[in-house]
Amino acid sequence: MSEFWLISAPGDKTNMQAWERMNMVTSKSNLSSNSKFHIPDLKVGTLDALVGLSDELGKLDSVAESIIKKIAQYIGEVMEDSKDKVQENLLANGVDLISYLTRFEWDMAKYPIKQPLKSISEALAKQVTQIETDLKTRSAAYNNIKGNLQSLEKKTVGNLLTRTLADIVHKEDFVLNSEYLITLLVVVPKSSYVQWQKTYESLSDMVVPRSTKMIAEDAEGGLFTVTLFRKVMDDFKAKARENRFMVREFYFDEKELKYEKEELMKLASDKKQQYFLINWEPLTGCLRIISAAHDGPHGVSYGAASRSEGMTILLCLFSQGPLLRWLKVNFSEAFVAWIHVKALRVFVESVLRYGLPVNFQAMLLQPNRKSVKRLRDVLNVVFKHLDEVAAASIMDPGMDIPGLQLSNQEYYPYVYFKIDLSLLD
């Protein structure tokens, strides 16, 4: 179970009493796995400051958790081809999240405890806000790149009636710069190849005999050239359509085709520079498509096998590049900051709840999935002396006690915060 309960209760001089009492009753029935959660001696400040800080930390907690989930989901998105490995890439300070949480140690270098609580909170908020800002910028760039690559994919997939022909046709396939003659491209269904060869010369007058040639083929049909006089072009198109031969509206423009190829090459080159490719099988597919666009295929077959790698470009370009590295690094930074926010909240709430001098024990519980309700009941019994009114209300949900429900938040006799590590749900 990926849910943890971070709680605190007042203790004796060594804070052993609260820990031992809670640990004994929960472990005896296998209700939860427990560990101490160490929070250093922080500067308390004034009561007014603590009350205000409590509200600010609640908001910061929600923001930090939201950002962590967004980053985790983006990691899942850029690792689309390795979904089963996403969780192992969600690390905090180089270790898995549960290990970091159960062995939490305050980062004295990042968040010096000699500073006022307000200053620590502001440092955490600044860090989280900066990560959020950077994430928006990175995600916008990612979505833009993704959109461009999807547009490229749409051009290179589909049947011969709709896909781009830039990487299929060649100058020598056409009669160019002729005042009288023109070469058309006709898509012929596979079942009609024989009919095409028998009838294309007679579909209209002035068709050049033996001028047809198949230059590409997919699963549905073939792309044929045919040369005829310009003056009969409209008549030929009409007669071809009647016989289920579809003429592509395509005119060979060498400059336009060169521009399209260069754009495709430039996009692929830019992506290779920004995102290091380590998945060699998809890379082969990427290079095959780029090569085809640049040089043109040497055979007549251009089927699904050579086009199906299109979206793989997107996956391999982003699989292990700077974007993924940035997401992993900043996920760790944001997660560490989030847990420090949780620790601050426990400290502040414990002082507000239990008073001075500071003397409480923070504890981390991982409930057994089947024993959540039972664990809650046991904790309420163990700690009901801390707040008899709250405990009575919890034990009897029908009991209405004015002022107990604070902003519809969960309230128990002990300080309680939930930490949910189900970040990909």
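For the structure itself, look to the data block above.
Here we summarise the structure given alongside this text. Each chain carries its own residue numbering, running from 1 in the direction its sequence is written. Selection of residues for local features in this predicted model requires a pLDDT of at least 70, selection of side-chain atom pairs for listing and counting requires 80 or more, and totals for whole chains, interfaces and linings are taken over all residues. Hydrogens are left out, water is left out, and the side-chain values use all remaining heavy atoms of the structure.

Comments concerning the overall build of the protein chain
Counting its regular elements, the protein chain contains 13 helices and ten strands. Sorting the 425 residues of the protein chain into buried and exposed places 47% on the buried side. Note on definitions: a residue-residue contact is assigned when non-hydrogen atoms from the two residues lie within 4.5 Å. Residue pairs in contact within the protein chain that sit at least 24 positions apart in sequence constitute 80% of those at least 6 positions apart. Accessible surface, the protein chain as shown: approximately 22,200 Å² in total, 52% of it carbon and sulfur. Think of it this way: any DSSP run of H or I at least four residues long counts as a helix, any run of E at least two long counts as a strand, and we number them from the N terminus. Residue exposure (1.4 Å probe, protein chains only): buried if accessible area is under 20% of the type maximum, exposed if over 50%, otherwise partly exposed. Residue exposure ignores everything except the shown protein chains as possible cover, and the areas themselves are Shrake-Rupley values with a 1.4 Å probe.

As for unusual backbone geometry
The linkage connecting Leu356 with the following residue, Pro357, adopts the cis geometry, with an omega of -5°. As for its position among the elements, Pro357 is in the loop between helix H11 (322-354) and strand S9 (360-367). Even without a glycine there, the phi angle at Asn30 is positive, about 55°. Examined against the element boundaries, Asn30 turns out to sit in the loop between helix H1 (16-28) and strand S2 (32-36). A relative accessible area of 51% places Asn30 in the exposed class. Of note, Arg210 is a non-glycine position whose phi angle comes to about 50°, a positive value. Looking at the element boundaries, Arg210 is found in the loop between helix H5 (193-199) and strand S6 (213-217). Judged by its relative accessible area of 77%, Arg210 is exposed.

Things to note about a nonpolar patch on the surface
A cluster of nonpolar side chains, Tyr180, Met206 and Phe229, forms an exposed patch at the surface whose accessible area comes to about 300 Å². Looking at where Tyr180 falls in the secondary structure, it is placed in the loop between helix H4 (117-156) and strand S5 (181-189). A patch consists of residues whose relative accessible area exceeds 30% and which take part in no salt bridge; residues with like charges are grouped when within 9 Å of each other, and nonpolar side chains (Val, Leu, Ile, Met, Phe, Trp, Tyr) when within 5 Å. Just to be clear on terms, a salt bridge is a Lys or Arg side-chain nitrogen sitting within 4 Å of an Asp or Glu carboxyl oxygen.

What about the side chain of Ser8?
As for its placement among the helices and strands, Ser8 is situated in strand S1 (residues 3-10). At 2.6 Å, the side chain of Ser8 forms a polar contact with the side chain of Ser350. Any pair of nitrogen or oxygen atoms within 3.5 Å is treated as a polar contact; in protein, a donor-acceptor pairing is required on top of that, and neighbouring residues in sequence qualify only through side-chain atoms on both sides.

Looking at the sheet that holds S1
Strand order in the open sheet formed by four strands is S2-S9-S1-S10, and the pairing between neighbours is antiparallel. Each end of this open sheet is capped by a strand with a single partner; those strands are S2 and strand S10 (415-420). This sheet shows a mean twist of 25° between the axes of neighbouring strands, independent of strand direction. For two strands to count as paired, DSSP must find a minimum of two bridges between them. In this sheet, S10 lies alongside S1 in antiparallel orientation, the contact comprising six bridges. Counterpart to Leu6 in the pairing with S10 is Phe417. Each of S1, S9 and S10 is contacted by H11, which is oriented at about 165° to S10, the strand it contacts most. Only C-alpha atoms enter the line fits that serve as axes; for helices the fit covers just the stretch in contact. Angles between N-to-C directions range over 0 to 180 degrees.

A closer look at the nonpolar core
Phe37, Phe331 and Phe335 are the most contacted members of the largest nonpolar core, which totals 61 residues. For this core, the secondary structure elements donating two or more residues are S1, helix H2 (47-78), helix H3 (97-102), H4, H11, S9 and S10. Of all the elements, H11 adds the most residues to this core, at 18 residues. Setting aside residues up to four positions removed in sequence, Phe331 forms contacts with Ile68, Ile71, Ala72, Ile75, Leu90, Leu91, Leu97 and Leu423. Nonpolar cores were defined as sets of buried Ala, Val, Leu, Ile, Met, Phe, Trp, Tyr and Cys residues, with membership established by side-chain atoms within 4.5 Å.

Quick notes on the packing of H2 against H11
Two numbers describe how H2 lies on H11: the axes approach to 8 Å, and their chain directions differ by 155°. Judged by the inter-axis angle, H2 sits roughly antiparallel to H11. H2 and H11 meet at a crossing whose hand is left-handed. Each residue gets one of three labels, nonpolar for Ala, Val, Leu, Ile, Met, Phe, Trp, Tyr, Cys and Pro, charged for Asp, Glu, Lys and Arg, and polar for the others, Gly among them. Looking at the contact of H2 with H11 residue by residue, the classes come out as 25 nonpolar, three polar and six charged. Orientation labels follow simple angle bins: below 35 degrees gives roughly parallel, above 145 gives roughly antiparallel, 65 to 115 gives roughly perpendicular, and whatever is left gives oblique. By convention the crossing between two helices is left-handed if the near helix lies anticlockwise of the far one by an angle smaller than a right angle, and right-handed if it lies clockwise.

Concerning the pattern of salt bridges
Applying the stated criterion to the full structure yields eleven salt bridges. We note a salt bridge from Lys118 to Glu56, for which the minimum N-O separation is 2.8 Å. Taken as a pair, Lys118 in helix H4 and Glu56 in helix H2 lie far apart in primary sequence, 62 residues in all. With relative accessibility at 37%, the residue Lys118 sits in the partly exposed group. We classify Glu56 as partly exposed; its relative accessible area is 35%. Across the pair Lys237 and Glu249 runs a salt bridge whose closest N-O atoms are separated by 3.2 Å. One end of the pair, Lys237, is in helix H6 (residues 233-242); the other, Glu249, is in the loop between strand S8 (246-248) and helix H7 (254-274), with twelve residues separating them in the sequence.

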